Amino acid sequence: MSGPIVAQLGGAPGITVLRNKDLLGIADLTTDEISLILDTAEAMQEIGSRDVKKVPALRGKTIVNLFFEPSTRTRTSFEIAEKRLSADTLNIASTSSSATKGETLADTALNLEAMRPDMIVLRHASSGACHLLSRLCHAGIINAGDGMHEHPTQALLDAFTIREQKKRLADLKVTIVGDLLHSRVLRSNVHLLTRMGAEVWVCGPPTLMPTEITRFGVRATSSIDDAVADADVIMLLRIQLERMQGTLFPSLREYFNVFGMTEARLRLAKPDVMIMHPGPINRGVEIASEVADGPYSVILEQVANGVAIRMAVLYLLAGGPAHETAA
Amino acid sequence: MSVIMDEDRIARTLTRISHEIVERNRGVEDLALVGVRTRGVHLSVRLARILKEITGQDVPNGALDITLYRDDLMRQVVGPQPLVRRTEIPFSIDDRKILLVDDVLYTGRTTRAALDALIDFGRPLAIQLVVLVDRGHRELPIKADYVGKNLPTSAKGSVQVCLRESDDRDEVILREGDAA
Amino acid sequence: MKRLLRGGRVVDPVNGIDGVQDLLLDGDRIAAVGRDLPVDGSTVVDIPQGVVVCPGLIDMHVHLREPGQEHKETVATGVASAVAGGFTAVACMPNTIPVNDNANVTSLILTKAVAANLARVYPIGAVSRASKGELLADIAELKEAGCVAITDDGHPVATALLLRRAMEYAGMFGMPVIEHCEDDSLKGDGVAHEGYHAAALGLRGIPGACEALGVERGVLLSELTGSAFHVAHMSARASLRAVRRGKEAGIRVTCEVAPHHFTLTDEMLASPMSYDTNTKMNPPLREAEDRDAMLSGIADGSVDAIATDHAPHHYDEKNVEFDKAPFGIVGLETAVSLSLDRLVHAGVIRLPRLIELLSVNPARILGVSGGSLSVGAPADVTVLAPELSVRIEADQLRSRSKNTPFNGWQLRGGVAATFVGGRLVYVNADAGLSV
């Protein structure tokens, strides 16, 4: 009778706070911190099922969503998360900001800082932009995607989605296929999954593979069949059309033929395989429509879980006394 | 440090409280238990069991996590921060009399947070507060409806409730002085 | 005025001297070198034991930024930085605004240098008009105006054909062509060395092969034309391989390495600070094997010179996202300490070899005076304190810009004093020299 109320998925981690004021990347998180975020997200998930989807945890906190790259999905996900925690949100999109008047990121940051926001969620086209902001601002910085570097909340929601269904991350075969070279989602996922004990395979043409990729603790192959054989999870990454012009591969058609996730390839994986994609999907390029819409796809669950994960991250960074902004 | 209540005493106290609940509410119709995590949940589960023995009826049971409802003063407590856990109230609280269950009533701030949380869940007919120990030193105008034991304490002292579901025994311990 | 530098360890490889001797400067010339020289009315400077007296150091790759970018550096601030770094002469690159492709710009630079009256300045002219890589610049005019070499530094000479022509033409005047070796298409949008660290940080990479391709091209054209070809700021082991093969075949190729390429690796992209734009330069900091290859080239003689590629940038220009920051770091005031600490004290080379790298060879390659303490030579002398404890403080640099990754480094060895044309132009108060 006490079962569902008292039982806790994942067990209690050894810690209850994050060490840093920012979330710049998975590379900076310990396994305990990753578990803490995932466990906290579970509690946050429940809030989304209530009638009144709001808790006062971040009441009075100001959070700025500073997005230099267009994004509907990630930005609205953060915004919903912030509002559910009762924070005051401010959305600044690059086209309307002074960036178009030539203001540097450093100056934008200092101007914002003068208004004392508690947290800044930054998405930017340059790798390392969040590190720069973190050095200049007292506010906690959450990386919503910086160039080709990391997209930590995406990897966290991916892990959360996997854990929800598979009840663990360790010893799962997770295969990631696509434009590995330019993908920040790849780097974050590789850090997180290898750290949590998964067996990670990456697959793509050599032209789309980062240098020394195996040094990140993954198996790398250009054979899609080897990559998906007995996979528990298959993650597809978006192929950008512009890369074709960069002579990285000859055509979308060829990419789909060699690497596209089709129903036939799906059958090589485990019978309960999960198909994931950070979105937006290119139907017929990295993934066949039937697979995207099929029963193995958890693409929409990923989106839903994004809000819970972002609530967890926001709460852990902004919600406690350990992170009252200094001076 | 001294043991204020042992296993036997706790059990009899919960039985006594259960009877009080039945008497005051003239039965368990429209009642629901909501325990405040974590030990309040263990207590509410035990109360549900005793109420079933007494009345033969099931009283719905839920678990409330108030971490996200703490006020500033509670957030500044020095010491390990609590982990946020799931709230699970698998029934509608509308038009019910909610028995809010917690282990220790002290400043009243936890109860205030719990009331805020419950109001977000719906419109209960009434909320009654059940606590195992009331140690005084209220900072808000909060009063318990059912008290296991009134225990006057000094501000420096601490009251620790151990329950076998999460600790290894049933015991209420009072520690006077500075050491925790 | 006569000045007697007494009792120092005189290191003059050209004349085969390495030992405790006295050096007499008379006016702007070296008058005598020997043991126990008579004082005879000279001002005596007693050199503490262990302190080294050597021919003035020459940095053959410096960006003085004037004309056009005086907010970063001027000729005046640049030569002040140079003498503080122990350099009695610098050769300055033509990628100014406007480009030094004509006598007017060359004269302006020389006029400013004379006015500053500190280190000598040897301008290097452009290979092509405005360094656009289309037409040859007026190379004879540049030579006449005072240029000692030509380069389109900042990028490679646009085509093999143009490089060939430049070599043939400049060869007429005995001027070397100095090349920023790189393949444009391989470099692309790269901002860091193509390797594990750039991949982890999401930075576009520049492979070592990109530089080596440029080196191979130059070596082959040097063989074809018989002209002198000098590889600027070499960083990759594949480049060194190409230089070694060229030298073995008797081709007139020389090369230089900057201190950051024999001390740092691409690990610095991530730590101590991630995305520190003071670790961004072109060619980039490479992996350990490349750094070690540079050290081995320095040790076995394949590397001819150490040159800093001193590239000042204003703080605001560097305080931006990594991929937007300009390439380059300052180097004039850190080169000597890094070389003494990481080459001599580390046992990679001995002191006379260091003097070859920093003085003898640069003078020879550029065809300018200096590089020795021969009697009658200009009195350009550097006094080095190999045991001096030096802490690099970016905000104390005399350069107008402070973009260095070495801030806070504790090093063993530094500059005690610098003499140009017999005049004392710099003395280090911490070195204990009584001048």
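Calculation rules
- One numbering rule holds for all chains: residues counted from 1, following each sequence as written.
- Going through the entries in the order they are written, you letter the chains from A and number the ligands from 1.
- With pLDDT at 70 or above as the cut-off, local features in this predicted model cover only qualifying residues; side-chain atom pairs require 80 or more to be listed or tallied, and sums for whole chains, interfaces and linings still use all residues.
- Side-chain metrics in this entry use all non-hydrogen atoms of the structure; hydrogen atoms and water are not considered.
- Strands are runs of DSSP state E lasting at least two residues, helices are runs of H or I lasting at least four, and both sets are numbered from the N terminus onward.
- Our radius of gyration looks at C-alpha atoms and nothing else; its globule reference is 2.2 Å times the residue count to the power 0.38.
- Three labels apply to residues, based on accessible area from a 1.4 Å probe with only protein chains included: buried if under 20% of the type maximum, exposed if over 50%, partly exposed otherwise in between.
- By definition, residues are in contact when any of their heavy atoms lie within 4.5 Å.
- Throughout, buried area stands for the accessible area (probe radius 1.4 Å) lost by two parts on being put together, summed over both.
- For salt bridges, the criterion is a side-chain nitrogen of Lys or Arg within 4 Å of an Asp or Glu carboxyl oxygen.
- Any pair of N or O atoms that falls within 3.5 Å is considered a polar contact. Within protein, one atom must be able to donate a hydrogen and the other to accept it, and sequence-neighbouring residues count only if both atoms are side-chain atoms.
- Ten residue types, Ala, Val, Leu, Ile, Met, Phe, Trp, Tyr, Cys and Pro, are classed as nonpolar, four, Asp, Glu, Lys and Arg, as charged, and the remainder, Gly among them, as polar.
- Note on pairing: two strands pair once DSSP finds at least 2 bridges between them.
- We call a crossover right-handed when, viewed with both strands directed away from the observer, the connection leading from the first strand over the helix to the second proceeds clockwise.
- Think of a nonpolar core as a cluster: buried Ala, Val, Leu, Ile, Met, Phe, Trp, Tyr and Cys residues, connected wherever their side-chain atoms sit within 4.5 Å.
- The axes used here are C-alpha line fits, helices contributing only the stretch in contact, and every angle between their N-to-C directions lies in the interval 0 to 180 degrees.
- Here the word oblique covers every angle except those under 35 degrees (roughly parallel), over 145 (roughly antiparallel) and from 65 to 115 (roughly perpendicular).
- Crossing handedness follows the turn of the near helix against the far one: under a right angle anticlockwise gives a left-handed crossing, and clockwise gives a right-handed one.
- In this scheme Phe, Tyr and Trp rings, the latter by its six-membered ring, pair at centre separations within 6.5 Å, and the angle between planes marks the pair as stacked below 30 degrees, edge-to-face above 60, and tilted otherwise.
- Geometrically, a charge over a ring is one whose NZ (Lys) or CZ (Arg) sits within 6 Å of the ring centre while staying within 35 degrees of the ring normal.
- A patch consists of residues exposed above 30% relative accessible area that lack any salt bridge, with like charges linked at up to 9 Å and nonpolar side chains (Val, Leu, Ile, Met, Phe, Trp, Tyr) linked at up to 5 Å.
- Accessible areas in this description were obtained via Shrake-Rupley with a 1.4 Å probe; residue shielding takes into account the shown protein chains only.
- For the charge count, each Lys or Arg is scored as positive and each Asp or Glu as negative, with His and the chain ends excluded.
- Charged groups are reduced to one reference atom each: NZ for lysine, CZ for arginine, CG for aspartic acid, CD for glutamic acid.
- Multiplying one less than the number of residues by 1.5 Å gives the expected span of a helix.

Enquirer: Hey, could you run me through the overall build of chain B in this one?
Expert: When its secondary structure is counted, chain B shows 4 helices and 8 strands. When the helices and strands of chain B are placed in sequence order, the string is β-α-β-α-β-α-β-α-β-β-β-β. Computed over its C-alpha atoms, the radius of gyration of chain B comes to 16 Å, within 12% of the 16 Å expected for a compact globule of 180 residues. Summarising its shape, the C-alpha atoms of chain B cover approximately 45 × 35 × 30 Å along the three principal directions. Looking at chain B as a whole, 53% of its 180 residues qualify as buried. For chain B, long-range pairs separated by at least 24 residues make up 69% of all intrachain contacts whose partners lie at least 6 apart in sequence.

Enquirer: How should I be thinking about the interface of chain C and chain A in this particular structure?
Expert: Accessible area lost when the parts come together is the quantity often used to give the size of an interface. On the side of chain A, 23 residues touch chain C, which itself brings 20 residues to the contact. A per-residue breakdown of the area chain C buries against chain A is headed by Tyr196, Tyr275 and Glu321 of chain C, which together make up 34% of the total. Across the chain C-chain A interface, the total number found is 0 salt bridges. Summed over the shared surface of chain C and chain A, the number is 6 residue pairs in polar contact (both at pLDDT 80 or more). Classifying every residue of the side of chain C that touches chain A by side-chain character gives 9 nonpolar, 5 polar and 6 charged.

Enquirer: Would you mind going over the pairing of strand β3 (residues 119–124) of chain A with me for this structure?
Expert: All names here are of chain A. Taking burial as the measure, the 6 residues of β3 include 6 buried ones, the bulk of the element. Every second residue of β3 is oriented toward a common face, with Met119, Val121 and Arg123 on one face and Ile120, Leu122 and His124 on the other, all of them buried. Pairing of strand β1 (residues 62–67) with β3, which is carried by 5 bridges, proceeds in the parallel orientation. Looking at the pairing, Asn65 lines up with Val121 of β3. Direction of pairing for β3 relative to strand β4 (residues 140–146): parallel, over a ladder of 5 bridges. Looking across to β4, one finds that Met119 is bridged to Gly140. In this region the chain leaves β3, passes through helix α5 (residues 129–136) and returns to the parallel neighbour β4; the handedness of that crossover is right-handed.

Enquirer: Explain the nonpolar core to me, please; I cannot follow it from the model alone.
Expert: For soluble globular proteins, the rule of thumb is that nonpolar side chains tend to be buried together. Core analysis: the biggest nonpolar cluster contains 95 residues, and Leu156 and Val202 of chain A together with Leu64 of chain B have the highest contact counts within it. Looking at this core element by element, the count peaks at 11 residues for helix α13 (residues 299–318) of chain A. Each residue touching Leu64 of chain B, except ones within four places of it in the same chain, is listed here: Val34, Gly35, Val36, Arg37, Thr87, Ile89, Leu100, Ala114, Ala117, Leu118 and Phe121 of chain B. In terms of nonpolar packing, the next biggest core, distinct from the first, is built from 67 residues, Leu57, Val62, Val157 and Val257 of chain C among them.

Enquirer: It is not clear to me how the packing of helix α3 (residues 73–84) of chain A against α13 of chain A should be interpreted in this structure. Could you clarify?
Expert: The angle between the axes and the distance between the axes are what describe a pair of packed helices. All names here are of chain A. One can describe the packing of α3 onto α13 by two numbers: an axis separation of 8 Å at closest approach and a directional angle of 55°. By the criterion of interaxial angle, the relationship of α3 to α13 is oblique. The two elements α3 and α13 cross, and the hand of that crossing is right-handed. Facing α3, whose interface residues are Arg73, Thr74, Ser77, Phe78, Ile80, Ala81, Glu82 and Arg84, α13 presents Val303, Gly306, Val307, Arg310, Met311 and Leu314.

Enquirer: For this particular structure, what's the right way to read the packing of aromatic side chains?
Expert: A full pass over the atoms with the stated rule returns 5 aromatic pairs over all chains. Ring plane angle 45° and centroid distance 5.7 Å describe the contact between Phe249 of chain A and Tyr255 of chain A, whose orientation is recorded as tilted. Judged by relative accessible area, Tyr255 of chain A falls into the buried class, the value being 3%. Taken together, the ring pairs in this structure connect Phe249, Tyr255 and Phe259 of chain A into an aromatic cluster. Lys173 of chain A extends its terminal NZ or CZ atom over the ring of Trp201 of chain A, reaching a point 4.0 Å from the ring centre. Positioned above the aromatic ring of Tyr146 of chain B is the side chain of Arg24 of chain B, whose terminal nitrogen or guanidinium carbon lies 4.3 Å from the ring centre.

Enquirer: Looking at this model, I keep getting lost on the pairing of strand β8 (residues 120–123) of chain C. Mind explaining?
Expert: A regular strand places its side chains on the two faces of the sheet in alternate fashion. Residues and elements named next belong to chain C. Pairing of strand β7 (residues 87–92) with β8, which is carried by 4 bridges, proceeds in the parallel orientation. Looking at the pairing, Ala89 lines up with Arg120 of β8. Between β7 and its parallel partner β8, the chain crosses via helix α2 (residues 103–116), and the hand of that crossover is right-handed.

Enquirer: Would you mind showing me how to read unusual backbone geometry here?
Expert: Comment: phi is negative for the bulk of residues other than glycine, and the bulk of peptide bonds are trans. Of note, the bond from Arg37 of chain B into Thr38 of chain B is cis; its omega dihedral lies within 30 degrees of zero at 5°. For Thr38 of chain B, the position within the fold is in the loop between β2 (31–36) and α2 (39–55). In this model, Ser271 of chain C is joined to Pro272 of chain C through a cis peptide bond whose omega is 10°. Notably, Lys167 of chain A is not glycine yet its phi reads approximately 65°, a positive angle.

Enquirer: Looking at this structure, I do not really get the pattern of salt bridges. What am I missing?
Expert: Oppositely charged side chains are able to pair whenever their charged atoms sit close together. Scanning the entire structure with this criterion turns up 49 salt bridges over all chains. The shortest N-O distance in the salt bridge between Arg353 of chain C and Glu356 of chain C comes to 3.3 Å. Here Arg353 of chain C pairs with Glu356 of chain C, and both are found in helix α13 (residues 351–366), just 3 residues apart, close to one helical turn. Its relative accessible area of 14% is what places Arg353 of chain C among the buried residues. Residue Glu356 of chain C is classed as partly exposed on the basis of its relative accessible area, which comes to 27%. The network of salt bridges with common partners includes Arg46, Arg164, Glu165 and Asp170 of chain B.

Enquirer: Mind showing me how you'd approach the packing of helix α6 (residues 152–166) of chain A against α13 of chain A here?
Expert: All names here are of chain A. Two elements in contact, α6 and α13, have axes separated by 8 Å at closest approach and are oriented at 115°. The hand of the α6/α13 crossing is right-handed. On α13, the residues that touch Thr153, Gln154, Leu156, Leu157, Asp158, Phe160, Thr161 and Glu164 of α6 are Glu301, Gln302, Asn305, Gly306, Ile309, Arg310 and Val313. Of the residues contributing to the contact of α6 with α13, the split by class is 5 nonpolar, 6 polar and 4 charged.

Enquirer: What is the right way to look at a negative patch on the surface in this model?
Expert: Taken together, the side chains of Asp51 of chain A together with Glu29, Asp30, Asp94 and Asp95 of chain B define an acidic patch exposed on the protein surface. Checked against the element boundaries, Asp30 of chain B lands in the loop between α1 (7–24) and β2. The class of Asp30 of chain B is partly exposed, set by a relative accessible area of 38%.

Enquirer: What should I look at first to understand the environment of Leu203 of chain C in this one?
Expert: Turning to its location among the elements, Leu203 of chain C is positioned in the loop between α6 (196–201) and β13 (205–206). Accessibility expressed as a relative area gives 7% for Leu203 of chain C, which makes it buried.

Enquirer: Where do I start with helix α8 (residues 237–248) of chain C in this structure?
Expert: Helical geometry: 3.6 residues make up each α-helical turn, so side chains three or four residues apart lie on a common side. All names here are of chain C. Over its 12 residues, α8 extends 16 Å from the first C-alpha to the last, a length consistent with the 16 Å expected when each residue adds 1.5 Å. Within α8, burial applies to Ala238, Ser239, Leu240, Ala242, Val243 and Gly246. At the exit of α8 stands Gly250, carrying a positive phi of roughly 80°.

Enquirer: Looking at this structure, I do not really get the sheet that holds β8 of chain C. What am I missing?
Expert: Working definition: the strands of a sheet are paired by backbone hydrogen bonds and lie parallel or antiparallel to each other. Residue and element names in this part refer to chain C. The strand order across the open sheet built from 3 strands is β6-β7-β8, with neighbouring strands paired in parallel fashion. Both edges of this open sheet fall to β6 (57–62) and β8, since each of them pairs with a single strand only. Across the sheet, the mean angle from the axis of one strand to that of its neighbour is 20°, orientation sign disregarded. Summarising the sheet, β6 and β7 pair through 4 bridges and their orientation is parallel. Each residue of the ladder has a partner; that of Ile58, found in β7, is Ala89. Taken strand by strand, α13 contacts β6 and β7, and its axis lies near 55° from that of β6.

Enquirer: I'm lost on the side chain of His151 of chain A in this one. Help?
Expert: When you line up the elements, His151 of chain A lands in the loop between β4 and α6. Sequence-distant contacts of His151 of chain A, defined by excluding residues within four places in its chain, comprise Thr74, Arg123, Ala144, Gly145, Arg184, Val185, Ser188 and Arg310 of chain A.

Enquirer: Would you mind showing me how to read the sheet that holds strand β16 (residues 305–306) of chain C here?
Expert: Residue and element names in this part refer to chain C. The strand order β9-β10-β11-β14-β15-β16 describes an open sheet built from 6 strands, whose pairing is parallel. Either end of the sheet is taken by a strand with one partner, and the two such strands are β9 (125–126) and β16. Sheet topology note: the β9/strand β10 (residues 150–151) ladder contains 2 bridges and is parallel. Across the sheet, residue Ala126 finds its bridge partner in β10, namely Thr151. In this fold helix α4 (residues 160–171) packs onto β10, β11 (177–179) and β14 (229–231), with an angle of close to 150° to the strand it touches most, β11.

Enquirer: Help me understand the environment of Leu300 of chain A, please; the structure alone is not making it clear to me.
Expert: Residues and elements named next belong to chain A. Turning to its location among the elements, Leu300 is positioned in helix α13. Given the relative accessible area of 68%, Leu300 is considered exposed. Through-space distance from the C-alpha of Leu300 to that of Thr262 is 19 Å; in sequence the pair is 38 residues apart.

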